[in-house]
Structure formats: structure tokens, C-alpha cells
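Architecture and fold: a report
Single-letter residue listing:
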Amino acid sequence: DQQVKQNSPSLSVQEGRISILNCDYTNSMFDYFLWYKKYPAEGPTFLISISSIKDKNEDGRFTVFLNKSAKHLSLHIVPSQPGDSAVYFCAAKRAGNQFYFGTGTSLTVIP
Amino acid sequence: SQTIHQWPATLVQPVGSPLSLECTVEGTSNPNLYWYRQAAGRGLQLLFYSVGIGQISSEVPQNLSASRPQDRQFILSSKKLLLSDSGFYLCAWSSDQKNIQYFGAGTRLSVL
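Keep in mind that this is a model prediction, so the values were computed, not measured.

1. Focus on the state of the cysteines
Applying the stated criterion to the full structure yields two disulfides over all chains. Here A:C23 pairs with A:C90 through a disulfide, and the sulfurs are 1.9 Å apart. On the sign convention where negative is left-handed, the bridge of A:C23 and A:C90, at about 65° about the S-S bond, is right-handed. Pair noted here: A:C23 is in strand β3 (residues 19-25) and A:C90 is in strand β9 (residues 86-93), with a separation of 67 residues, a long-range link. Using a relative accessible area of 1% as the deciding quantity, one classes A:C23 as buried. Taking the relative accessible area as the measure of exposure, A:C90 reaches 0% and is therefore buried. Between the sulfur atoms of B:C23 and its disulfide partner B:C91 the distance amounts to 1.9 Å. Sign of the S-S torsion, about -75° for the bond between B:C23 and B:C91, identifies this disulfide as left-handed. Highlighted residues: B:C23 in strand β3 (residues 19-26) and B:C91 in strand β9 (residues 87-95), separated in sequence by 68 residues. The two residues B:C23 and B:C91 agree in class, both being buried.

The rules behind these values
- Residues numbered from 1 in each chain as written.
- Chains lettered and ligands numbered in written order.
- Predicted model: local features only at pLDDT ≥ 70, side-chain atom pairs only at ≥ 80, totals over all residues.
- Heavy atoms only, no water.
- Disulfide = S-S within 2.5 Å.
- Helix = DSSP H or I, 4+ residues; strand = E, 2+ residues; numbered from the N terminus.
- Buried < 20%, exposed > 50% of the residue type's maximum accessible area, 1.4 Å probe, protein only.

Dropping the structure here:
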């Protein structure tokens, strides 16, 4: 049962434009959400996170938005750069030690 | 600072052979430890997690097992590998104080 879903397996964006990656979840008990970036043959690296008490968190070019009523979060990358080309995973956590990951979205930024 | 080491980076094994992948964490004590597998074109599947020495929770019943002989060491094993065990295996750690999971570099396992 996939509790965290990324329905777009891939996304292509022109360099300098905005990249928007989406994620939906089903479990209303999730209270912390994260985005990870993964290059081929490497482990995922933590990018940005947001607590359920907030609806927006910003870190440089990266902003995460959380819509709790819709059970939806998104990652905005502005401006997109070729080095941002990677697979992006969203993850969610509730009380306890387990993290639940989406299936990933492969972002390609075209120079 | 904390670091996580995972080895080997690449492994090619014949069907029916045993497996042992090792993961160690430095710079923290009593971490929560995890093993994930990423099959080709798929997301991260949680295999095992551990909150302490000798405490292992299995998420997916299969041909693999995990052990935690020391506080910061996590081992993934198999007695006899199957073709379906091929994939990219990732070790990760987290702490109870911080809601972030940190990953190792991964092991590419090919079972032939």
C-alpha cells in the first residue's frame, strides 16, 4: 500500500525556468515531510523538509509547499539549473522511526 | 559530524551464493538503522529497520535477513541469493532527535 505517491515519473524543464515536483499522501497522521535528491549509483541526499505545522519552507532556490487539506506537497526549484537533473523522492514521517518514500520523479533540466 | 559507510559499492554474485553487506555509522550513538532496496525504475522499498542492538523489524518477508551486532553496525545477509535479489541496496540512519534520514552511497548488487 503506497502511502506516498509521486504520479509523475519524469519531468523536463528548460534551464532558468521553474521546476515543480508534486507528491500526494494518504495518511493524515504524517507530520513531517522531506524531499531527497538522488543521482544515479549514489544514495539519496536530503534537500529540504517541512513540518505539518507550516505550509511553506524555503531554502535558497528550493521551496516546499504543504497543503494538508489536500494531502499534497510540492517542491519548487527556481531557477532550474542543469545540475538539478536527478531523481527526486518525497518522503513522509509520523511518530516513530519509519519514513515512507514515494517512487520518485526524474527531473531533466535542459540547457 | 556524522558519516555513514556502506560497502562494497558494487557486487556481482552467482545465484545461490551467500550475501553480506555491511553498513557502519560514525559520530552518533544509538542511531536508528535501515536497509532499503531500489529495484530498477522503482522507488525505495524498506527491507529492515533497527532501533537498537539485536532489535530488527522486517518489513518485507523474503530471502534476506539483517543483524545489528553492534550499536553502529548493520548487516544485510542472505544464505542463497536469487535473481530477484538484484538491485541497489541502501543503508540509512536517523536519530530520535531529528526527523531526517541520511543515506549511504549504496551497493549495486547483480545476481547472475
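After that view of the structure, there is still more to cover.
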